[in-house]
Amino acid sequence: TSQEKDKLTNEFDNLLSQYEGLKTSNDTLNQEIREKEEYIKTLKNKLRTSANDKQIIEQMKSEAETLRKILRSYIRQIDSLNTLNQELTAENKEVKQKFSNEQNKTRELTEKYTEASTLVAKASVIRALNIQALPLNARGKEVNKIKKVTKIKVSFTLDENTVAKRGNRDVFIRISRPDELVLIENEQNLFPFEGKQIAYSAKREVDYQGSSTPMEIYYDVASPDELMPGEYLADVFVDGAQIGTVRFYLK
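Attention now goes to the sheet that holds strand β2 (residues 151-158). Ordered in space as β1-β2-β7, the 3 strands form an open sheet in which the pairing is antiparallel. Taken across any chain shown, the strands that pair with only one partner, and hence form the sheet edges, are β1 (128-136) and β7 (213-220). Averaged over all pairs of adjacent strands, the angle between strand axes in this sheet comes to 15 degrees, irrespective of strand direction. Here 7 bridges tie β1 to β2, and the two strands are oriented antiparallel to one another. Note that in β2 the partner of alanine 128 across the bridge is leucine 158.

Shown next as structure tokens:
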């Protein structure tokens, strides 16, 4: 009906305004947002020139709902990238101060965090939320003393995303000691990342269908000798991209 067309036109106007209000320094994400803006304009024109056809109206309602979901996804990605960039900036300052007498190592760490920021910014159709890394004893209780740790559990949620490819994929975790050595169960445990084969600590296959998906991945500690006191990093990877990082400590 004409009334429904007017309502949908207003809805597309509101969506277009919200898309135009999204701001990010991520060029890839900006390009996607601009493409969605042009798509909304196309839908508005199609709606304007169409007859009061019920099938067209229902199609446009479906398109509007999909665009709302994508908008929410973009807002979450932008918020996450802004938070991560703030954290990375703070961490870089701390690293530079702590290793002021070790310029080479400071430079390497700074590059590492810069690369991580770039990767996450370019990533990621799928993001990891609420990442936790918990050292566990033989009874599955959380501990932080090296001699009691038998497993390291990394838990997180793969975020809902309506534009992500559906289907099975491997999710990898890569746990680094304070000296940056990666914990591995087997030297053959490698996966492709930025054109190289790098080591991973553990992996799990998941059937991702676009909805929020909780996950847990465990690394089995062979013996306390492979651990050392200090700060550890647990990175999560999927689809050739780093999608999250968490820190934890052992003593």
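Turning our eyes to something else, we now look at the pattern of salt bridges. One pass over the full model with this rule turns up 15 salt bridges. With a shortest N-O distance of 1.7 Å, glutamate 11 and arginine 68 are connected by a salt bridge. Of this pair, glutamate 11 sits in helix α1 (residues 2-20) while arginine 68 is found in helix α3 (residues 54-98), placing the two residues 57 residues apart along the sequence. A salt bridge links lysine 41 to glutamate 38; the shortest N-O distance between them is 3.5 Å. Of the two residues, lysine 41 and glutamate 38 are both situated in helix α2 (residues 27-49); the distance of 3 residues between them amounts to about one turn of the helix. Take glutamate 38: its relative accessible area is 46%, and that puts it in the partly exposed class. By sharing partners, the salt bridges in this structure join Glu4, Glu58 and Lys61 into a single network.

Once that is clear, we can look at the packing of α1 against α3. Helix packing geometry: the angle between the two helix axes and the distance between the axes. For the pair α1 and α3, interaxial distance at closest approach is 11 Å and the crossing angle is 20 degrees. Between α1 and α3, the interaxial angle falls into the category roughly parallel. Judged by the sense of rotation from one axis to the other, the crossing of α1 with α3 is left-handed. Taken together, the residues of α3 that come into contact with α1 (itself represented by Glu4, Lys5, Leu8, Glu11, Phe12, Leu15, Gln18 and Tyr19) are Ile57, Met60, Lys61, Ala64, Leu67, Arg68, Ile70, Leu71 and Tyr74. Classifying every residue of the contact of α1 with α3 gives 11 nonpolar, 1 polar and 5 charged.

To continue, consider the sheet that holds strand β3 (residues 167-176). Strand pairing in a sheet relies on backbone hydrogen bonds. The paired strands run either parallel or antiparallel. Across the sheet, which stays open at both edges, the 4 strands sit in the order β6-β3-β8-β9 with antiparallel pairing between neighbours. Because the sheet does not close on itself, it has two edges, and the strands there are β6 (202-208) and β9 (241-250). Going from strand to strand, the sheet's axes swing by 20 degrees on average, the running direction of each strand aside. Where β3 and β6 come together, 7 bridges link them in antiparallel fashion. Bridging across to β6, valine 171 finds its partner in arginine 204.

This paragraph deals with unusual backbone geometry. Of note, asparagine 130 is a non-glycine position whose phi angle comes to about 50 degrees, a positive value. Positive phi, close to 50 degrees, is recorded for glutamate 194, a residue that is not glycine. Of note, glutamate 194 is situated in the loop between β4 (190-193) and β5 (196-199). Taking relative accessible area as the criterion, glutamate 194 reaches 47% and is therefore assigned partly exposed.

Two numbers describe how α2 lies on α3: the axes approach to 11 Å, and their chain directions differ by 160 degrees. Looking at the two axes, α2 sits roughly antiparallel to α3. Here the hand of the crossing between α2 and α3 comes out left-handed. Note on element contacts: α3 touches α2 through Ile56, Ile57, Gln59, Met60, Glu63, Leu67, Ile70, Tyr74, Gln77, Ile78 and Leu81, opposite Leu29, Glu32, Ile33, Lys36, Tyr39, Ile40, Leu43, Lys46 and Leu47. Taken together, the residues that form the contact of α2 with α3 break down as 14 nonpolar, 2 polar and 4 charged.

Quick notes on the rules
- Residues numbered from 1 in each chain as written.
- Predicted model: local features only at pLDDT ≥ 70, side-chain atom pairs only at ≥ 80, totals over all residues.
- Heavy atoms only, no water.
- Pairing = 2+ DSSP bridges.
- Helix = DSSP H or I, 4+ residues; strand = E, 2+ residues; numbered from the N terminus.
- Axes fitted to C-alpha atoms, helices over the stretch in contact; angles between N-to-C directions.
- Salt bridge = Lys/Arg side-chain N within 4 Å of Asp/Glu carboxyl O.
- Buried < 20%, exposed > 50% of the residue type's maximum accessible area, 1.4 Å probe, protein only.
- Parallel < 35°, antiparallel > 145°, perpendicular 65-115°, else oblique.
- Left-handed = near helix turned anticlockwise from the far one by under 90°.
- Contact = heavy atoms within 4.5 Å.
- Nonpolar A, V, L, I, M, F, W, Y, C, P; charged D, E, K, R; others polar.

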